[in-house]
Protein chains: 2
Amino acid sequence: MDPRVDEHARTIVEHCLDVQAGDEVVIAAPPEAQDLVVALHEHLGKRDAFPFHIGRFQGGPANRAFLRRLDPDAFEHTPGVLEAVADEVDCSIAIQATSNTHEVGDVSPGAQAAFQRLFEPVRDAIMEKRWVGTQYPASGNAQAAEMSTEAYADFVYDAVNKDWAAQREFQENLVEILDDASQIHIVSGDTTDVSMSVDGMHAVNDDGTVNLPGGEVFTAPVVDSVTGEVYFDMPVMWRGAEIEGVRLVFEDGEVVEHAAEKNEDMLTGMLDVDEQATRVGELGFGMNRDITQFTNNMLFDEKMGDTIHLALGHAYEETVGADREQNKSALHMDMIVDMSEDSYVEVDGEVIQRNGTFVFEDGFDEQA
Amino acid sequence: MDPRVDEHARTIVEHCLDVQAGDEVVIAAPPEAQDLVVALHEHLGKRDAFPFHIGRFQGGPANRAFLRRLDPDAFEHTPGVLEAVADEVDCSIAIQATSNTHEVGDVSPGAQAAFQRLFEPVRDAIMEKRWVGTQYPASGNAQAAEMSTEAYADFVYDAVNKDWAAQREFQENLVEILDDASQIHIVSGDTTDVSMSVDGMHAVNDDGTVNLPGGEVFTAPVVDSVTGEVYFDMPVMWRGAEIEGVRLVFEDGEVVEHAAEKNEDMLTGMLDVDEQATRVGELGFGMNRDITQFTNNMLFDEKMGDTIHLALGHAYEETVGADREQNKSALHMDMIVDMSEDSYVEVDGEVIQRNGTFVFEDGFDEQA
């Protein structure tokens, strides 16, 4: 076995989840990720924990075959077996890997939406416990990244097998700024100029425990505070389709105008998932400087340095202050703004990032 | 997709399980069987049932990696997640498929035994509902059969995709004989001469609903009635090892002597699984004449014409009369006697099978 796969599994079991003896651990993984599934079984065995391997419910030919045949109204409630698993397990590992990122591209959006709603209670229950989402370098993901499978594997393992304590320390600088912040103003070129309040919200230091790779600091805006317009530089993958050139206009926290250069109808469908899908659930800053290129994969792209991202839909509970509203939605769709050129972020009137570089990093020049 | 895979999936969903709308269906399958998993998702979708795909717990590199690291005493109780799944689901599909039948050959028998005990309550709960065990033609199974993978696929699909109503009718002849029977006497060559009572027990017509392929009639002996000696012609696969040339001597229903020409220590370990592992839980007659050769795979071998089999260990509940003891064991190990030559079976003093041919088949000659 590739020793990097072993190291990846060790990082998941020890660093991300700190698995204890007797823990029951779900591993949700497609066949493409079998090497990592095997390595996880070894590391869970070492800790006397019980691995429970299940298939992935998103993407892949099995999910496609099911959703194309299913009557979208067939299930009114979440299947009991899913609720039972979510109740019983102590922690969860979700592994992305596919040989074709467009595998569910010919499933009707209605069927996908109906199925996604069934999973909401399960997702919420899983996320209240220890969990981590990660990536295995499968051929389809390499193709989406426009890389050979071997070069993509190098990219993935550079990003996931790293010194997470050092990364945490670096990111803590931004956490301190955001935890004291109220008003945020983000400008990039002529196309993005958006403001929001994070007053009373919490900034989270993602040091690779819930996402592997980690490498971001994220918080949630006050729900009705988002105002202005944003152009997203990177395409968004949703239900097997690439939505490119997304532009959103916000008023009082809600999307009031939307457009896309490609697959605008998919964007419209995304905003229709539920009422809360038109609101922003997350503001994040990418800070993993070992991720040096976009790969059309949000797990990595949102962590890349010189970027910020907004997520439409669900807000993570840990980012929402006790007296603040949590935006709850079936959707959580991260979308990225490139901040590397002609861009800045102000916090309560002070510039804290310019052209991607933070005030606490070498090379920051407020007058530039 | 190979249309035979689609037909196999349809047979499982419609004939074996008669899946209903709203059913929650476990599919336990290794990565090798992914084509069949996809086809099952399609047929379960057609019936508006929910597929829940989990990994296999026996054999395979993940199970091996786990069991080699696990402290065998780590789990005192069945993991809660397994009990919860067994409680919640309506029916189960277990798919065998491997790229190496010896994959768990270097796992200690102690670790395997400890793990197997954890599964007993789950197996019992699953078997009280609708369930089916079947085979996908993977390369390791083809190798064990000493066949090319393509020729093995032909063999598998000939055996599973057939007219099960006609098979049921053929087998009903033997069910009628056994249901009225008391004493059974089985003789083959100089090496097998064993008697047992089936008085008050029930004969089951396996028409491919719980095993696919099916094609046997089976019952259980009265627990303490088995007396005599048996030589088993086909090797037994247990925990990654082939046990060959097994000879057992029974007195008052228990194994009092055992020997094997190869891996006798594994046989000894098998008999040590628990106290009930030394008793016979099943007597079966192979009747699927589309299975024309041994393939070192009990799912098929035990259904082959001209054979009988005894299983050490667990007796299936449906074969045990209301006032009879059910042998309950963590083991259920079928072992085969070739009855094609120099052999006969007597039921209450009358010969009902000679050299593999039944009294109700053409070619039977009681005087031969």
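Worth saying up front: this structure is predicted, and the values here are computed from it rather than measured.

Colleague: What is the right way to read the overall build of chain A from this model?
Modeller: Looking only at helices and strands, chain A has ten helices and 20 strands in total. What you see for chain A is a C-alpha radius of gyration of 20 Å, in line with the 21 Å of a compact globule of 368 residues. When its C-alpha atoms are laid out on the principal axes, chain A stretches across 55 × 45 × 45 Å. Counting the 368 residues in chain A, one finds 58% classified as buried. Just so you have it, chain A exposes about 14300 Å², and 41% of that area is on carbon and sulfur atoms. A distance of 6 Å separates the average location of the 23 positive side-chain charges in chain A from that of its 74 negative side-chain charges.

Colleague: Got a minute to help me understand the packing of aromatic side chains in this structure?
Modeller: Where two aromatic rings form a pair, the distance of their centres and the angle of their planes describe that pair. Residues and elements named next belong to chain A. Counted according to the given criterion, the structure contains 29 aromatic pairs over all chains. Judged by centre distance (4.8 Å) and plane angle (50°), the ring pair of Phe57 and Phe119 falls under tilted. Linking Phe57 in the loop between strand 2 (50-54) and helix 3 (60-69) with Phe119 in helix 5 (residues 109-127), this pair joins segments that are 62 residues apart in sequence. The exposure class assigned to Phe119 is buried, which follows from its relative accessible area of 16%. Seen from their ring centres, Phe155 and Phe300 are 5.2 Å apart, and the 40° between their planes marks the pair as tilted. With Phe155 in helix 7 (residues 149-160) and Phe300 in helix 10 (residues 298-301), this residue pair connects regions lying 145 residues apart in the sequence. Overall, the relative accessible area of 6% leaves Phe155 in the buried class. Given the relative accessible area of 0%, Phe300 is considered buried. We note Lys162 situated over the ring of Trp164; from NZ or CZ to the ring centre the distance is 5.4 Å.

Colleague: Help me out: how do you make sense of the relation of the copies chain A and chain B in this one?
Modeller: Relating one copy of the chain to the other requires a rotation about an axis plus a shift along that axis. Mapping chain A onto chain B is achieved by rotating through 180° and translating by 0.0 Å along the same axis, at an RMSD of 0.1 Å. In short, the pair behaves as if placed about a two-fold rotation axis. Closest to the rotation axis within chain A is the C-alpha of Ile54(A), separated from it by 2.0 Å. Mapped onto chain B, 100% of the interface residues of chain A again fall at the interface, so both copies present the same surface.

Colleague: I would appreciate a short explanation of the pairing of strand 16 (residues 307-313) of chain B in the present structure.
Modeller: Residue and element names in this part refer to chain B. In terms of residue burial, strand 16 counts as a mostly covered element, since seven of its seven residues are buried. Looking at chain direction, strand 15 (residues 280-286) and strand 16 are connected through six bridges and run antiparallel. What sits directly across from Val280, in strand 16, is Leu312. When strand 16 meets strand 17 (residues 332-338), the two strands line up antiparallel, connected through seven bridges. Counted as the bridge partner of Gly313 is His332 from strand 17.

Colleague: Is there a simple way to explain the packing of helix 3 of chain A against helix 2 (residues 34-46) of chain B in this structure?
Modeller: For any two helices packed against each other, the geometry is given by the interaxial angle and the distance between the axes. Viewed as axis vectors pointing N to C, helix 3 of chain A and helix 2 of chain B meet at an angle of 15°, and their least axial separation amounts to 7 Å. The orientation of helix 3 of chain A relative to helix 2 of chain B falls into the category roughly parallel. When you trace helix 3 of chain A past helix 2 of chain B, the crossing you get is right-handed. Contact residues: Pro61(A), Ala62(A), Asn63(A), Ala65(A), Phe66(A) and Arg69(A) in helix 3 of chain A; Gln34(B), Val37(B), Val38(B), His41(B), Glu42(B), Gly45(B) and Lys46(B) in helix 2 of chain B. Its residues assigned to classes, the contact of helix 3 of chain A with helix 2 of chain B shows six nonpolar, four polar and three charged.

Colleague: Help me understand the interface of chain A and chain B, please; the structure alone is not making it clear to me.
Modeller: Between chain A and chain B, the contact holds 39 residues from the first and 39 residues from the second. Both sides together, the interface formed by chain A and chain B hides about 3400 Å², and carbon and sulfur atoms give 76% of it. The largest share of the area that chain A buries against chain B comes from Phe50(A), Arg69(A) and Val81(A), three residues that together contribute 19% of it. Taken together, chain A and chain B are joined by two salt bridges. Where Glu42(A) meets Arg69(B), a salt bridge forms, and the shortest distance between an N and an O atom there is 2.9 Å. Between chain A and chain B we count ten residue pairs in polar contact (both at pLDDT 80 or more) in total. At the level of elements, helix 2 (34-46), strand 2, helix 3 and helix 4 (80-88) of chain A are the ones that each hand at least two residues to the side of chain A that touches chain B. Of the residues forming the side of chain A that touches chain B, the biggest block, seven residues, is contributed by helix 2 of chain A.

Colleague: How do you make sense of the sheet that holds strand 20 (residues 357-358) of chain B when you look at a structure like this?
Modeller: Either a parallel or an antiparallel arrangement is found when strands of a sheet pair, and the pairing is made through backbone hydrogen bonds. Residues and elements named next belong to chain B. In space, the eight strands of this open sheet follow the order 14-13-10-6-5-18-19-20, with antiparallel pairing throughout. At either margin of the open sheet sits one strand with a lone partner, and together these are strand 14 (254-259) and strand 20. Here two bridges tie strand 19 (residues 350-354) to strand 20, and the two strands are oriented antiparallel to one another. By the bridge assignment, Gln353 is partnered in strand 20 with Phe358.

Colleague: Honestly, the confidence of the model for chain A in this entry has me stumped. Any pointers?
Modeller: Note that predicted coordinates carrying low pLDDT should not be read in detail. For chain A, mean pLDDT is 94; residues scoring 70 or higher make up 99% of the total. In the model output, the complex is listed with pTM 0.87 alongside ipTM 0.85.

Colleague: In this structure, what is going on with the pattern of salt bridges? I would like to understand it.
Modeller: Any two side chains of opposite charge can pair if their charged atoms end up close together. Under the criterion given, the structure shown has 42 salt bridges over all chains. For Asp106(B), the salt bridge identified is with Arg68(B), shortest N-O distance 3.4 Å. Here Arg68(B) lies in helix 3 (residues 60-69) and Asp106(B) lies in the loop between strand 3 (91-96) and helix 5 (109-127), a separation of 38 residues in the sequence. On the accessibility criterion, Asp106(B) (39% relative accessible area) is partly exposed. Assessed through its relative accessible area of 46%, Arg68(B) is described here as partly exposed. For the salt bridge of Arg123(B) with Asp124(B), the shortest nitrogen-to-oxygen distance reads 3.3 Å. Each of Asp2(A), Arg4(A) and Asp154(A) takes part in a single network of salt bridges with overlapping partners.

Colleague: I would appreciate a short explanation of empty space enclosed by the protein in the present structure.
Modeller: Empty pockets left among the atoms are what a rolling probe the size of a water molecule brings to light. All names here are of chain A. Here the structure, examined in full by the defined rule, presents one cavity of 30 Å³ or more. In this structure, the largest cavity occupies an estimated 30 Å³ of space. Lining the largest cavity, in full, are Leu70, Pro72, Phe75, Ala114, Phe115 and Leu118.

So, how was this worked out
Residues numbered from 1 in each chain as written. Chains lettered and ligands numbered in written order. Predicted model: local features only at pLDDT ≥ 70, side-chain atom pairs only at ≥ 80, totals over all residues. Heavy atoms only, no water. Helix = DSSP H or I, 4+ residues; strand = E, 2+ residues; numbered from the N terminus. Rg over C-alpha atoms; globule rule 2.2 N^0.38 Å. Buried < 20%, exposed > 50% of the residue type's maximum accessible area, 1.4 Å probe, protein only. Areas by Shrake-Rupley, 256 points an atom, 1.4 Å probe, with all protein chains shown as cover. Lys, Arg positive; Asp, Glu negative; His and termini not counted. Charge placed at Lys NZ, Arg CZ, Asp CG, Glu CD. Phe/Tyr/Trp six-rings, centres within 6.5 Å; stacked < 30°, edge-to-face > 60°. Lys NZ or Arg CZ within 6 Å of the ring centre and 35° of its normal. Least-squares fit on C-alpha atoms with pLDDT ≥ 70 in both. Contact = heavy atoms within 4.5 Å. Pairing = 2+ DSSP bridges. Axes fitted to C-alpha atoms, helices over the stretch in contact; angles between N-to-C directions. Parallel < 35°, antiparallel > 145°, perpendicular 65-115°, else oblique. Left-handed = near helix turned anticlockwise from the far one by under 90°. Nonpolar A, V, L, I, M, F, W, Y, C, P; charged D, E, K, R; others polar. Buried area = accessible area lost by both parts, 1.4 Å probe. Salt bridge = Lys/Arg side-chain N within 4 Å of Asp/Glu carboxyl O. Polar contact = N/O pair within 3.5 Å; in protein donor to acceptor, adjacent residues only side chain to side chain. pLDDT = per-residue confidence, 0-100. 1 Å grid on protein atoms, 1.4 Å probe; cavity = no way out; pocket = protein on both sides within 12 Å on 5 of 7 lines; lining within 4 Å. Points joined across faces, edges and corners; volume = space filled by probe spheres on them.

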